[in-house]
Amino acid sequence: MVDRPQLGPTIFVLFGATGDLSKRMVLPAFFQLALSGLLNSEWMLIGTGRGNVSDDQFRDHVHDVVNQFGVPHDDADWEPFARRLRFAGGGFTPDNPGTLPTAVQQARQDLGAADAQLVHYLALPPSTFAETTRALGAHDLARGARVVYEKPFGTSQEAFTELDEAVHHVLDEKQIYRIDHFLGKESTQNLHILRFANGMIEGVWNREHVEQIQIDVPETLDIDDRARFYDATGAVLDMLVTHLFQVAAEIAMEPPETLGADDLQSARESVIGTFRPLDTADVVLGQYEGYRDVDGVADDSTTETFVAARLWVDTDRWRGVPFLLRTGKMLGVSKQRVSLVFRSPQGPLTDIPPDGAVLTFDLKGDGEIDIAMVVKEPGPDDSLSVGHLGLPLDTVPLGHALAPYSRLILDVLHGDRSLFTRPDGLAHVWTVADALLRDPPPAKPYPAGSMGPPEAEDLAAPCGWLVTGSPD
């Protein structure tokens, strides 16, 4: 990360402050920024919601949250953070602002900064985005503000268009930050850094050398803590058209002129425009056995908890190379991996393993880069084996990784939109997924603890999925 100027006074308004997303992600991320000294200047965090929660009650809630999900700390870390927490209740709609405008005005007075930067983070269900944005405009809280929207930004091509128009009626594009936390991962950013900074990698980053690309995010988690949201959303909207498409764009994009925000966004969004609309014959959906028994899930639910898809990128660089995307709940392992499988060379050697030459980015945690290569097996003959070279990213000298949400919130505070999505790319995402969303294939049952429906295995032929249910 390049050196940045010190932040000015900031008021961070967290909508849905007592919800699950804020608890698990946003509040711990903001706490990490404070403890890391990256906020630097005067700031105030105002949680808001429908209930009438006192400031002290909200502080107690946040204290429990950071103890459970935050970075290690002691009372000396907590006290100065707690003093900057407020809560505004009474709801927030175009007709009823609750106490939020008063709380913002009081925060400006407490900070002694009438021009403090206002940041609104909408940790809310997507169905509320349009109304909340209208309310920001109606109560004079949009002018000069930055507004962060969680995914998915829309649920269909029509819903995206309606939401995009509603948001732009109140805000300029430069005020809008559509968050995708996969783009905030240090290891995801290494996809383009490793490529553009190393000629030996950039030289083989094309269809001449790469046979297939796998973006694989299986999860062992169930959906108990957000069953109603998930049953209305499913794996396609929750993961495929958001995280996995964005990671595919990171891999497939052409080299930008610079890594500045505009150039990096343009490169990513331009290549999304070359994604071929999904053929439902290239998609396998699944639902884990026992899903309908979860409290909050309809007894006759057809919602998919698994998706595997073959995506085609129609550029000179990638034409004919399948991008294989897979994710699901209650699978055998939890992984977040991007793998470039290289073609076997023509030459004197036979019986080369089909997955013998692979460049893998592990996106989970601090991340790791692994290179698999075919080598001679020690011994008197020329038997072949596969060896691995690994680079855990937390061993890089002077490295201090931020959690993805911490990195993205910090970018918002600095006004850096490099790792956020733009409407032109999102509009095409919905075109790519339109046929699948309109007429999805039936979700096939799969046992919990498996790797999904067996039909998904055929998508990854000839080498098959590199992530299996077996321990590494």
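Everything numeric here is computed off the predicted structure, so don't read it as measured data.

Take a nonpolar patch on the surface next. A cluster of nonpolar side chains, I371, M373, V375 and L389, forms an exposed patch at the surface whose accessible area comes to about 310 Å². Ranked by the residues each element gives to the nonpolar patch, the list is headed by strand 13 (residues 368–376), at three residues. Mapping V375 onto the fold places it in strand 13. Look at V375 and you get partly exposed, because its relative accessible area is 36%.

Bringing the packing of aromatic side chains into the picture now. All chains considered together, the criterion is met by 19 aromatic pairs. Plain terms: the ring middles of F30 and W43 are 5.2 Å apart, the flat faces sit at 70 degrees to each other, and that makes the pair edge-to-face. Linking F30 in helix 1 (residues 20–35) with W43 in strand 2 (residues 43–48), this pair joins segments that are 13 residues apart in sequence. Residue W43 is classed as buried on the basis of its relative accessible area, which comes to 7%. The ring of F153 is capped by R178, whose NZ or CZ atom sits 5.0 Å from the centre of that ring. Its guanidinium or amino end placed over the ring of Y177, R417 lies 5.8 Å from that ring's centre, counting from NZ or CZ.

What follows deals with the pairing of strand 5 (residues 146–149). Neither face of strand 5 is exposed, since R146 and V148 on one face and V147 and Y149 on the opposite face are all buried. Handedness of the β-α-β unit built from strand 4 (residues 117–122), helix 5 (residues 129–138) and strand 5 comes out right-handed. As defined by bridge partners, strand 5 adjoins strand 6 (residues 176–178) across three bridges and the pair is classed as parallel. From the neighbouring strand, V148 faces strand 6, where its bridge partner is Y177. In this fold, strand 5 hands off to helix 6 (residues 157–170), which returns the chain to strand 6; that crossover is right-handed.

Looking now at the UniProt feature "domain: Glucose-6-phosphate dehydrogenase NAD-binding" (unreviewed entry) in the chain. Taking the UniProt record as the reference, the feature "domain: Glucose-6-phosphate dehydrogenase NAD-binding" (unreviewed entry) is found at residues 13–190. The annotated region residues 13–190 carries 45% helix and 15% strand content, and the separation between its end C-alpha atoms amounts to 31 Å.

Another point: the sheet that holds strand 7 (residues 210–218). What the nine strands build is an open sheet, ordered 14-13-12-11-7-10-9-8-15; its pairing is mixed. Strand pairing shows two members of the sheet lacking a second neighbour, strand 14 (384–392) and strand 15 (444–446), which therefore form its edges. Going from strand to strand, the sheet's axes swing by 20 degrees on average, the running direction of each strand aside. Bridge analysis of strand 13 against strand 14 gives nine bridges, and the strand direction is antiparallel. Among the inter-strand pairings, A372 is bridged to a residue of strand 14, identified as H388. Where helix 10 (residues 234–252) meets the sheet, its contacts fall on strand 7, strand 8 (283–288), strand 9 (306–312), strand 10 (322–328) and strand 11 (337–342), and the angle it forms with strand 10 comes to roughly 145 degrees.

Let's shift gears to the sheet that holds strand 4. Two strands in a sheet stick together by hydrogen bonds in their backbones, pointing the same way (parallel) or opposite ways (antiparallel). With respect to topology, six strands assemble into an open sheet ordered 3-2-1-4-5-6, the strand pairing being parallel. Each edge of the open sheet is held by one strand with a lone partner, namely strand 3 (85–88) and strand 6. Within the sheet, the average angular offset between the axes of one strand and its neighbour, ignoring direction, is 20 degrees.

Now for empty space enclosed by the protein. A full pass over the atoms with the stated rule returns two cavities of 30 Å³ or more. Taken together, 14 residues line the largest cavity, and the ones lying closest to its centre are K151, F153, T242, T421 and L426. Secondary structure elements with two or more residues in the lining of the largest cavity: helix 10 and helix 13 (423–438). A total of three residues in the lining of the largest cavity trace back to one element, the largest contributor, which is helix 10. Residue assignment places the lining of the largest cavity across two domains, with domain 1 (10–179) and domain 2 (183–402 + 422–460) each supplying three or more.

Let us now look at the side chain of T303. Inspection of the secondary structure puts T303 in the loop between strand 8 and strand 9. Judged by relative accessible area, which is 12%, T303 ranks as buried. A polar contact of 2.7 Å, which involves the side chain of T303, links it to the backbone oxygen of D231. In this structure T303 touches Y230, D231, G234, Q287 and Y291, once residues within four positions along its chain are discounted.

Domain annotation for the chain reports domain 1 (10–179) and domain 2 (183–402 + 422–460). The gap between the C-alpha centroids of domain 1 and domain 2 is 31 Å. Every contact between the two is made by 20 residues of domain 1 and, on the other side, 17 residues of domain 2. Interface of domain 1 and domain 2: buried area, both sides summed, is about 1400 Å²; carbon and sulfur atoms make up 63% of it. When the buried area of domain 1 at its contact with domain 2 is split by residue, K151, Q157 and F160 rank highest and sum to 38% of it. The salt bridge involving K151 is made with D238; its shortest N-O contact spans 2.6 Å. In this structure, the connection of domain 1 to domain 2 is made through three residue pairs in polar contact (both at pLDDT 80 or more). Listed by contribution, the elements that provide at least two residues to the side of domain 1 that touches domain 2 are helix 1 and helix 6. Among the elements that take part in the side of domain 1 that touches domain 2, helix 6 stands out by supplying five residues, more than any other.

This part takes up the side chain of S301. Position of S301 among the secondary structure elements: in the loop between strand 8 and strand 9. Given the relative accessible area of 5%, S301 is considered buried. At 2.6 Å, the side chain of S301 and the side chain of D231 are in polar contact. A distance of 3.1 Å separates a polar side-chain atom of S301 from the backbone nitrogen of T303. Non-local contacts of S301, meaning those with residues more than four positions away in its chain, are made with D231, Q287, Y291 and R292.

Parameters at a glance
- Residues numbered from 1 in each chain as written.
- Predicted model: local features only at pLDDT ≥ 70, side-chain atom pairs only at ≥ 80, totals over all residues.
- Heavy atoms only, no water.
- Patch = residues over 30% accessible without salt bridge, like charges linked within 9 Å, V, L, I, M, F, W, Y side chains within 5 Å.
- Areas by Shrake-Rupley, 256 points an atom, 1.4 Å probe, with all protein chains shown as cover.
- Salt bridge = Lys/Arg side-chain N within 4 Å of Asp/Glu carboxyl O.
- Helix = DSSP H or I, 4+ residues; strand = E, 2+ residues; numbered from the N terminus.
- Buried < 20%, exposed > 50% of the residue type's maximum accessible area, 1.4 Å probe, protein only.
- Phe/Tyr/Trp six-rings, centres within 6.5 Å; stacked < 30°, edge-to-face > 60°.
- Lys NZ or Arg CZ within 6 Å of the ring centre and 35° of its normal.
- Right-handed = clockwise from strand over helix to strand, strands pointing away.
- Pairing = 2+ DSSP bridges.
- UniProt positions renumbered as here; feature names shortened; annotations may be inferred.
- Axes fitted to C-alpha atoms, helices over the stretch in contact; angles between N-to-C directions.
- Contact = heavy atoms within 4.5 Å.
- 1 Å grid on protein atoms, 1.4 Å probe; cavity = no way out; pocket = protein on both sides within 12 Å on 5 of 7 lines; lining within 4 Å.
- Points joined across faces, edges and corners; volume = space filled by probe spheres on them.
- Domains from an automatic or database assignment.
- Polar contact = N/O pair within 3.5 Å; in protein donor to acceptor, adjacent residues only side chain to side chain.
- Buried area = accessible area lost by both parts, 1.4 Å probe.

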